[in-house]
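# Reading the structure
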Amino acid sequence: MLHSQRRRKRKRDQGSVEMNLAAMLDMAFQLLSFFILTFRPTPIEGQLALNLPPPVPLTQVEPNQKSGDGIGDVLALETLHLHVTANDQGDVRELKVEANSIIQGGFDEGNVQRLDKKLQSLFAIQQIPYDRIQIAVDGRLRYGELMKIIDVCHRQRLPDGSNMQKISFTEVDSGTSAK
Amino acid sequence: MSEHNSDRAEPNLTPLLDLVFQLITFFMLVINFKGASLDLSLKLPVLGSARPLDQRQSKLEPLLLNIDSEGGVHVYGRKVEFEQHISNEARILKDQLRLNQTPIENGELPVPVIVRADRGAPFHLVNHVLKVCQENGYRQFSLNAMSREEKR
């Protein structure tokens, strides 16, 4: 008992060095304020990666060349063509898959499913191995509407089980597509 | 006795300082200065199949373009003449590649263009920007979209 009292007294005599933490706390609070004020959580965005070389003619047709001789014909066989026209508001007016009109009017949820089913049925045909989709787009179409169409195309499954990756789009003159 | 009365009660600031330092560490870890390059006023299209891509493999910075609903291109919050901006960026990149002795194959720049376009922008305006990028040697494009509708 006496021993412990003596030890405590010695400790008090030595005196501990106490740092003034207030200044450090001030600085820490300033740093914290800076980080809180500049903190802007960025939304997590998805990305659709595309490789877009500049448009070039697929084949240069020789004067004596017959139809079906070129590589372009093989590419054309594997390419599914979509043709989208828009109204003045930029909404989808008509969507054709090859020559067949699939959608008329806006591209709402029902029409999204209709296009999805149509593409699924086309991709299920083994005799025509489509491996790419080319979308001819009316220049007036809103970008958001086009992305919805690309989304449906991207969901399509190829025979090897992978998703459709080869999607390209070309701009069609509004005057031409309105006809 | 009088000395004892004059003793002031000093709060122990150490736990408070610990807490503040932990908060600072958190904010330092999550801070993202690249966020300043994003125009958060744009309404990006919603694309269910859009997935975040890993772009950390490349040491070169991608070209980021924010396209508003009128087709204007914004870079770091400033509206720019996009034809001039893209051509300047391409020229700087080519110089950088030349200095690094990286070959440019077929005139194709090995850097992606990140396109953040407003969903209301007409396609011909977005396509015009893409064409200018193609003319300057860019071939890889990344179209940004939200994977689900965001609440604002």
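Residues numbered from 1 in each chain as written. Chains lettered and ligands numbered in written order. Predicted model: local features only at pLDDT ≥ 70, side-chain atom pairs only at ≥ 80, totals over all residues. Heavy atoms only, no water.

### As for the interface of chain A and chain B
Note on interface size: it is often stated as the accessible area lost on association of the parts. If you look at the interface, chain A gives 43 residues, while chain B gives 53 residues. Summed over both sides, the interface of chain A with chain B buries roughly 4300 Å², with 68% coming from carbon and sulfur. The three residues of chain A that bury the most area against chain B are Glu45(A), Gln47(A) and Tyr143(A), which together make up 19% of that side's buried surface. Put simply, chain A and chain B have 1 salt bridge between them. Across the pair Arg116(B) and Glu45(A) runs a salt bridge, and its minimum N-O distance is 2.6 Å. Inspection of the chain A/chain B interface yields 12 residue pairs in polar contact (both at pLDDT 80 or more). Counting only elements with at least two residues in the side of chain A that touches chain B, the list comes to α2 (21-38), β1 (45-51), β5 (132-138), α5 (143-155) and β6 (167-172) of chain A. The leading source of residues in the side of chain A that touches chain B is α2(A), at 11 residues. Grouping the constituent residues of the side of chain A that touches chain B by class yields 26 nonpolar, 9 polar and 8 charged. In this sheet, strand β5 (residues 140-146) of chain B lies alongside β1(A) in antiparallel orientation, the contact comprising 7 bridges. (Contact = heavy atoms within 4.5 Å. Buried area = accessible area lost by both parts, 1.4 Å probe. Salt bridge = Lys/Arg side-chain N within 4 Å of Asp/Glu carboxyl O. Polar contact = N/O pair within 3.5 Å; in protein donor to acceptor, adjacent residues only side chain to side chain. Helix = DSSP H or I, 4+ residues; strand = E, 2+ residues; numbered from the N terminus. Nonpolar A, V, L, I, M, F, W, Y, C, P; charged D, E, K, R; others polar. Pairing = 2+ DSSP bridges.)

### Examining the packing of aromatic side chains
The full count for this structure, using the stated rule, is 5 aromatic pairs over all chains. Centroid distance Phe169(A) to Phe123(B): 5.5 Å. Interplanar angle 80 degrees. Geometry classified as edge-to-face. Taken together, the residues span two chains, with Phe169(A) in strand β6 and Phe123(B) in helix α4 (residues 123-135). With relative accessibility at 1%, the residue Phe123(B) sits in the buried group. (Phe/Tyr/Trp six-rings, centres within 6.5 Å; stacked < 30°, edge-to-face > 60°. Buried < 20%, exposed > 50% of the residue type's maximum accessible area, 1.4 Å probe, protein only.)

### Focus: the nonpolar core
Leu82(A), Leu95(A), Ile135(A), Ile149(A), Phe169(A) and Tyr138(B) are the most contacted members of the largest nonpolar core, which has 64 residues in total. By size, the runner-up hydrophobic cluster in this structure holds 10 residues, among which are Phe35(A), Ile24(B), Phe27(B) and Ile31(B). (Core = buried A, V, L, I, M, F, W, Y, C linked by side-chain atoms within 4.5 Å.)

### Digging into the pattern of salt bridges
Scanning the model with the defined rule gives 8 salt bridges over all chains in all. A salt bridge links Asp95(B) to Arg98(B), with the shortest nitrogen-to-oxygen separation between them at 3.1 Å. Of the two residues, Asp95(B) and Arg98(B) are both situated in helix α3 (residues 82-99); the distance of 3 residues between them amounts to about one turn of the helix. Classification of Asp95(B) as partly exposed rests on a relative accessible area of 35%. Here the residues in one salt-bridge network are Asp91(A), Arg142(A), Glu145(A) and Lys148(A), joined through shared partners.

### Things to note about a nonpolar patch on the surface
Where nonpolar side chains cluster on the molecular surface, the patch consists of Met19(A), Met24(A), Met27(A), Leu31(A) and Phe21(B) and spans about 440 Å² of accessible area. The topology assignment puts Leu31(A) in helix α2. Taking relative accessible area as the criterion, Leu31(A) reaches 34% and is therefore assigned partly exposed. (Patch = residues over 30% accessible without salt bridge, like charges linked within 9 Å, V, L, I, M, F, W, Y side chains within 5 Å. Areas by Shrake-Rupley, 256 points an atom, 1.4 Å probe, with all protein chains shown as cover.)

### Here's the deal with the domain arrangement of chain B
Structurally, chain B comprises domain 1 (2-33) and domain 2 (36-143). The distance between the C-alpha centroids of domain 1 of chain B and domain 2 of chain B comes to 45 Å. (Domains from an automatic or database assignment.)

### Here we look at the sheet that holds strand β2 (residues 79-86) of chain A
Sheet architecture is open: 5 strands sit in the order β4-β3-β2-β5-β6 (chain A), paired in mixed fashion. Edge positions in the sheet fall to β4 (100-104) and β6 of chain A, since each has one partner strand and no second. Going from strand to strand, the sheet's axes swing by 20 degrees on average, the running direction of each strand aside. Note: β2(A) against β5(A), 6 bridges, orientation parallel. Following the sheet pairing, His81(A) is matched in β5(A) by Gln134(A). With respect to the sheet, α5(A) is in contact with β2, β3 (92-97), β5 and β6 of chain A, its orientation differing from that of β5(A) by roughly 165 degrees. Contacting β5 and β6 of chain A, α4(B) crosses the sheet at an angle of about 115 degrees to β6(A). (Axes fitted to C-alpha atoms, helices over the stretch in contact; angles between N-to-C directions.)

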